Amino acid sequence: MSDKKSVIAKGDFTPVEYDPQYILQVNHLKKYFPIKGGMVSKTVGHVKAVDGVTFNLKRGTTMGLVGESGCGKTTTGRTILRLAGEKTDGQVLFNGKEIYDMSPKELRALRTKMQIIFQDPFSSLSPRLPVGEIIGEAVREHKLVSKAEYNDYIDKVMDNCGLQPFHKARYPHEFSGGQRQRICIARALALNPEFVVCDEPVSALDVSIQAQIINLLKDLQDQYNLTYLFISHDLSVVEHISDSVGVMYLGNLVEYGDTEDIFRNPLHPYTKALFSAIPVPDPNAKMNRIVLEGSIPSPANPPSGCKFHTRCPYATERCKVEAPCQREVEPGHYVVCHLFDK
C-alpha cells in the first residue's frame, strides 16, 4: 500500500498564486495512466506520461514544446485542456482559475476559450459532415451568434483561414491536406478562443504547405491576440514561430526559456544533443553531431534519480540517485540538471 502511495503521491508541490501577465500557469503537472494486469484487472503499475511539468505562458505569445516521440508532449497539451481524464497531481490555472476544480457548467463555458488543432487533418474531420457544418457546429451549440448572423459569421471565419464560401457545401475528402488543416484551424477559431494547443499541426504536410500554415497561424495570432502552445518535432519551425521553448524528456520539462536564449545557449545535455541534429543547409558545413547512447527508457519504469542519466555523457553517481530540481540559470532560462547546482 505504501508503494502505491509513493507512486502517485499528491500535493508534494508549492501552489502558485495567479499572476495576471500569464494566461496559463502550469505547476508540477502530473498525468499517470494505470497499467492493468491479472484476472481481475488489478493496477500493477503506472505509465508516467507527464511527471512534474512546470511553466508559465504569457498572453498573446507562443510556447514551443519539443522532444522525442513518446516524451509526453501531446499528453501535456491534452491534460491542460482536460481532455485526458483527471490529472494525477499539480495545478493548471487558466486566467487564474484551476481548470480541474470547475463544475460542468463552468467547464462548458471555458471550452470556447481553449481549443486544439490536431496533428492529422485526415482523421480529425468527420467524413459525413460538410465543411460548413464542421466549422459551425460548435458555434451553434454554444450560441455564439444569432441565427441571422450565423452564415455571415462562418463565411468570415473561413475567409480569415483562406477558405472560400463555396467550400461550405463540400466534404473533407474533396480537399488537399493543407486545405483540410485550414478547416481544422477555422473550426478552432470559430469559437473565438484565447488559447490554442497546436498539436503538430504541420507534421503531416509537405514543406511548402507547412510554410503557408505557419504564416496563417502567425497572422491569426496578430489579428486576434491568440496564445499558442505549439507542439512539434521540427525545431526549425519552433524557432520560427515560438517566443519561448520547453524541452521535454520522459515526462519532464528539462529546459525552458526564451527561444533566443535556448537556441543561442542550450544548457541541458539533452537539449544540446537535440539541437545538434538540426540540419544545416550547407553541404560544406561541419556538423558537431552529439549522438546519444541507447534508447529512451520506458515511462512505465523510468530510471531513478535524473531520468536522463542512462544516456547522459556527463552523468555522475549523484545523478543516479537524486532527481535534480528546476533552477533559473539566466533570467527566464530554467534548466533541470545537477551540472548547474550552485
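For the structure itself, look to the data block above.
The structure presented is a predicted model; accordingly, all values stated were derived computationally and were not measured.

### Some details on the overall build of the protein
A tally of helices and strands in the protein yields 11 helices and 12 strands. Against the globule reference of 20 Å for 342 residues, the protein gives a C-alpha radius of gyration of 21 Å, in line with a compact fold. Taking the principal axes of the C-alpha coordinates as reference, the protein spans close to 70 × 60 × 45 Å.

### Details of the sheet that holds strand β12 (residues 333-336)
Overall, mixed pairing links the eight strands, which are arranged β6-β7-β8-β3-β9-β10-β12-β11 in an open sheet. Looking at which strands have only one partner, the edges of the open sheet turn out to be β6 (114-117) and β11 (326-330). Here the strands of the sheet are splayed against their neighbours by 20 degrees on average, with no regard to which way each runs. Relative to strand β9 (residues 244-249), strand β3 (residues 62-66) runs parallel, the two sharing four bridges. Counterpart to M63 in the pairing with β9 is S244.

### Description of the layout of surface pockets
There is about 680 Å³ of room inside the largest pocket. Lining the largest pocket are 29 residues, and of these D51, G52, N252, P324 and V336 lie nearest its centre. Of all the secondary-structure elements, those providing two or more residues to the lining of the largest pocket are β1 (22-37), β2 (42-58) and β10 (252-258). When its residues are assigned to classes, the lining of the largest pocket shows 13 nonpolar, 11 polar and five charged.

### Overview of the packing of aromatic side chains
One pass over the structure, following the stated rule, counts seven aromatic pairs. Ring plane angle 55 degrees and centroid distance 6.4 Å describe the contact between F55 and Y256, whose orientation is recorded as tilted. One end of the pair, F55, is in strand β2; the other, Y256, is in strand β10, and 201 residues separate them in sequence. Judged by relative accessible area, which is 1%, F55 ranks as buried. Three or more aromatic residues joined by ring pairs make a cluster, and in this case those are F55, Y256 and Y334.

### Notes on the packing of helix α4 (residues 131-141) against helix α6 (residues 177-189)
Packed helices, taken two at a time, are described by the angle between their axes plus the distance between the axes. Interhelical geometry of α4 versus α6 gives an angle of 25 degrees and a closest axis separation of 7 Å. Taken as axis vectors, α4 and α6 run roughly parallel relative to one another. The chirality of how α4 crosses α6 is right-handed. Contact residues: V131, I134 and I135 in α4; I183, A186 and R187 in α6. Across the contact of α4 with α6, the residue classes tally to five nonpolar, no polar and one charged.

### Some details on the sheet that holds strand β4 (residues 89-94)
Taken together, four strands build an open sheet; the order of strands is β2-β1-β4-β5 and the sheet is antiparallel. Both outer strands of the open sheet, β2 and β5 (97-98), are each paired with one neighbouring strand and no more. Bridge count for β1 against β2 is 13 bridges, and the pairing is antiparallel. Looking at the pairing, K36 lines up with T43 of β2. Contacts from helix α2 (residues 73-80) reach β1, β2 and β4, with the element oriented near 115 degrees to β1.

### Looking at the pairing of β3
For β3, the buried fraction is high: five of the five residues fall into the buried class. Of the two faces of β3, the one carrying T62, G64 and V66 and the one carrying M63 and L65 are both buried. Relative to strand β8 (residues 227-231), β3 runs parallel, the two being bridged by four bridges. Along β8, the bridge assignment pairs L65 with I231.

What counts as what
- Residues numbered from 1 in each chain as written.
- Predicted model: local features only at pLDDT ≥ 70, side-chain atom pairs only at ≥ 80, totals over all residues.
- Heavy atoms only, no water.
- Helix = DSSP H or I, 4+ residues; strand = E, 2+ residues; numbered from the N terminus.
- Rg over C-alpha atoms; globule rule 2.2 N^0.38 Å.
- Pairing = 2+ DSSP bridges.
- Axes fitted to C-alpha atoms, helices over the stretch in contact; angles between N-to-C directions.
- 1 Å grid on protein atoms, 1.4 Å probe; cavity = no way out; pocket = protein on both sides within 12 Å on 5 of 7 lines; lining within 4 Å.
- Points joined across faces, edges and corners; volume = space filled by probe spheres on them.
- Nonpolar A, V, L, I, M, F, W, Y, C, P; charged D, E, K, R; others polar.
- Phe/Tyr/Trp six-rings, centres within 6.5 Å; stacked < 30°, edge-to-face > 60°.
- Buried < 20%, exposed > 50% of the residue type's maximum accessible area, 1.4 Å probe, protein only.
- Parallel < 35°, antiparallel > 145°, perpendicular 65-115°, else oblique.
- Left-handed = near helix turned anticlockwise from the far one by under 90°.
- Contact = heavy atoms within 4.5 Å.

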